Structures are given as structure tokens and as C-alpha cells.
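Listed below, chain by chain, are the residues.
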Amino acid sequence: PSPCSTYPVDEQVLGEFLSRSVAVDGIDYQFMVYVAPNLPVNPPVILFLHGRGESGVDGEAQTTVGIGAALLASPARWPFVVVFPQKPSFDVLWPGYTGMLAAVLANVDKEFEPDPKRCYLTGISQGGNGTLELVDRLDWKFAAMAPICGWANPRDAAAKMVHIPTWIFHGDADQAVPVTSTTAIADWCVRYGATPRMTIYPGVDHNSWDAAYAELLPEWLLEHKSS
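Numbers given to residues run from 1 along each chain, matching the order in which its sequence is written. Two thresholds apply to this predicted model, a pLDDT of at least 70 for residue-level local features and 80 or more for giving and counting side-chain atom pairs, whereas whole-chain, interface and lining totals are computed over all residues. The side-chain quantities take in all heavy atoms of the structure and omit both hydrogens and water.

**Observations concerning the overall build of the protein chain**
What counts here: Per the convention used, a helix needs a DSSP run of H or I reaching at least four residues, while a strand needs a run of E reaching at least two, with both numbered from the N terminus. Using C-alpha atoms as the atom set, the radius of gyration is obtained and then compared with a globule rule of 2.2 Å times the number of residues to the power 0.38. Each residue's exposure class comes from its accessible area (1.4 Å probe, protein chains only) as a fraction of the maximum for that residue type: buried when under 20%, exposed when over 50%, partly exposed otherwise. Note on areas: Shrake-Rupley, 1.4 Å probe, and residue coverage restricted to the protein chains presented here. Positive charges are assigned to Lys and Arg, negative charges to Asp and Glu, while His and the chain termini are left out of the count. We put the charge of a Lys on NZ, of an Arg on CZ, of an Asp on CG and of a Glu on CD.
Scanning the protein chain from N- to C-terminus turns up seven helices and ten strands. For 227 residues, the compact-globule estimate of 2.2 N^0.38 gives 17 Å, and the C-alpha radius of gyration of the protein chain, at 16 Å, lies within 12% of that figure. Overall, the protein chain is about 45 × 45 × 35 Å in size when its C-alpha atoms are taken along their principal axes. A total of 227 residues make up the protein chain; the buried ones form 52% of that total. Only carbon and sulfur atoms are counted for the fraction: they give 52% of the accessible area of the protein chain, which is about 9800 Å². Separation between the mean location of the 14 positive side-chain charges and that of the 25 negative ones in the protein chain comes to 9 Å.

**Remarks on the pairing of strand 7 (residues 119-124)**
The condition is simple: Two strands are counted as paired when DSSP detects at least two bridges linking them. Throughout, right-handed denotes a crossover for which the path from the first strand over the helix to the second runs clockwise when the strands point away from the viewer.
Where burial is concerned, most of strand 7 is hidden: six out of the six residues are buried. Residues Cys119, Leu121 and Gly123 of strand 7 are buried on one face, and the alternating residues Tyr120, Thr122 and Ile124, pointing to the opposite face, are buried as well. Pairing between strand 7 and strand 8 (residues 144-148): five bridges, direction parallel. Directly across from Thr122, in strand 8, lies its bridge partner Ala146. With helix 3 (residues 126-134) bridging strand 7 and the parallel strand 8, this β-α-β connection has right-handed handedness.

**Re the pattern of salt bridges**
Counted only if it meets this: Put simply, a salt bridge is a Lys or Arg side-chain nitrogen that is within 4 Å of an Asp or Glu carboxyl oxygen.
As enumerated under the stated definition, the model contains five salt bridges in all. For Arg52, the salt bridge is made with Asp91, and the minimal N-O distance between the two is 2.9 Å. Of this pair, Arg52 sits in the loop between strand 5 (45-49) and helix 1 (67-73) while Asp91 sits in the loop between strand 6 (81-85) and helix 2 (98-112), and the two are 39 residues apart along the sequence. Exposure remark for Arg52: the relative accessible area of 41% places this residue in the partly exposed category. Residue Asp91 is classed as exposed on the basis of its relative accessible area of 57%. Across the pair Lys160 and Asp136 runs a salt bridge, and its minimum N-O distance is 3.4 Å. Here Lys160, found in helix 4 (residues 154-161), pairs with Asp136, found in the loop between helix 3 and strand 8; they are 24 residues apart in sequence, far enough to count as distant.

**Points about the confidence of the model for the protein chain**
The criterion, for reference: How sure the predictor is of each residue is captured by pLDDT, a score from 0 to 100. Contacts: residue pairs with any heavy atoms within 4.5 Å of one another.
Model confidence for the protein chain is summarised by a mean pLDDT of 94, while 95% of its residues fall at 70 or above. Low pLDDT (under 50) marks residues 1-10, which in the prediction has 20 contacts with non-local residues, meaning those over four places away or in another chain.

**Some points on the packing of helix 4 against helix 5 (residues 180-192)**
The condition is simple: Orientation is described by lines fitted to C-alpha atoms, with helices fitted over the stretch in contact, and by angles between N-to-C directions that extend from 0 to 180 degrees. Angular relationships are summarised with four words: roughly parallel below 35 degrees, roughly antiparallel beyond 145, roughly perpendicular across 65 to 115, and oblique for the angles in between. Less than a right angle of anticlockwise turn of the near helix away from the far helix marks a crossing as left-handed, whereas a clockwise turn marks it as right-handed. The classification used treats Ala, Val, Leu, Ile, Met, Phe, Trp, Tyr, Cys and Pro as nonpolar, Asp, Glu, Lys and Arg as charged, and all other residues, Gly among them, as polar.
Contact geometry for helix 4 and helix 5: axes closest at 8 Å, N-to-C directions at 55°. Accordingly, the angle class assigned to the pair helix 4 and helix 5 is oblique. When you trace helix 4 past helix 5, the crossing you get is right-handed. Contacts between helix 4 and helix 5 involve Pro154, Arg155, Ala157, Ala158, Ala159 and Met161 from the former and Ala184, Ile185, Trp188, Cys189 and Tyr192 from the latter. By residue class, the composition of the contact of helix 4 with helix 5 is ten nonpolar, no polar and one charged.

Now the structure itself:
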């Protein structure tokens, strides 16, 4: 069935996937918003940044891999508004789309009025890079982040983790983004006195996101509020 429909999954009620768009400098960008059922006023919100393979202009591919698949499998575990922007270019990284992301977040703020103290950021592969690079550069103040098989300058990423609770994930058999991309960040965290939570999956290749989103990640996110 289409992710835009509402239907039961394993006797759990799935929320709605809503199609939205924003215009930036004369260019229309499609994005999706998942709204879990029975949310409170001012709900918690997750910004999800997809990987290279989900780039495009169809407005839906970014919901099929990563956290979107986790929502479909176990919707009751994810009591959030989840925002799915889509970047058009396969090879332009997320920091190249800060204007589009700013417009998306403003749109979500206006329509869904999420709790500003319960905003969370996660992403996979290129989206893991985007999570590490953009967590302190967007208009939302994120209470916690979860980069998965991502990379960034280890020293710069670790400096941010002093201030933002972080759970980082990677597979130690990753051939696309080496696990050292994550362990190097963890090493710098020790120097800064940061203590991020880190999960390394033995024998797992690039797809560490299915395992990561099956962890107690939604519960962990909700433990954190920004000041």
C-alpha cells in the first residue's frame, strides 16, 4: 500500500504520511511529514535526513529507507511527527541545502506546532553526515541526535557532542563509509570530555540503519529535552 494511506500494521495503527512542498529561490522542493496518531498538542518531532540513494524529486523515496521503514514495521514505537525532506542531487551533501531545510522547518513549525524542547535529528549515510554537520546550524535547537553510518571532521563533530546528547551507530564491515569515521569521532569525544552513546554492529555492512532504528532509540530520544 501507499505510504500516504492509513492502515493497520501488525494490529498497530499507522499515522498519516502527508505530502508537502516549499519554494526556495523559485524552486519547489517536495517533502513528507509523518504524523503519529493521538499525538498531544505541541508534539515531539524528528527531522530525518536520508542517504544518497533516496535523493530525487519524487517526494516519496526518502520515506522508504531508514526511519520510514521502522515506522511502517512498528508504528506504536514512534509517537512523533517525523519530517522527511528530500534533496534533489545525489552528490550534493545536506549542508548544500540549508536554505531548503530552513523553509521546511518553518513550514512544519507553522502547521504542526511541535514542542521546541523536543526536536530530534537523525540521518543515514549522507544523512548521517548531514546530522553531524547541521545539528547546530539549523533553526531548531535539537535535544538529541542519532547519526547512523555517517562521517564528518572528527574533531568538529566531537566538539558538538559536548553540548548535544548523541547516540552514534555504525557497522564494522561497512565498505561505503568505514567504521573508523565513527570511532575517530568517539576518540575525539574522549579528549573533549563528551560521552556519546555508541553502537558498533559486528559484521554489518553499510546498512546499519535497520538495526539502529530497531533499538530503543525512540525511547532514548524522548528522555532528552533542550533547555
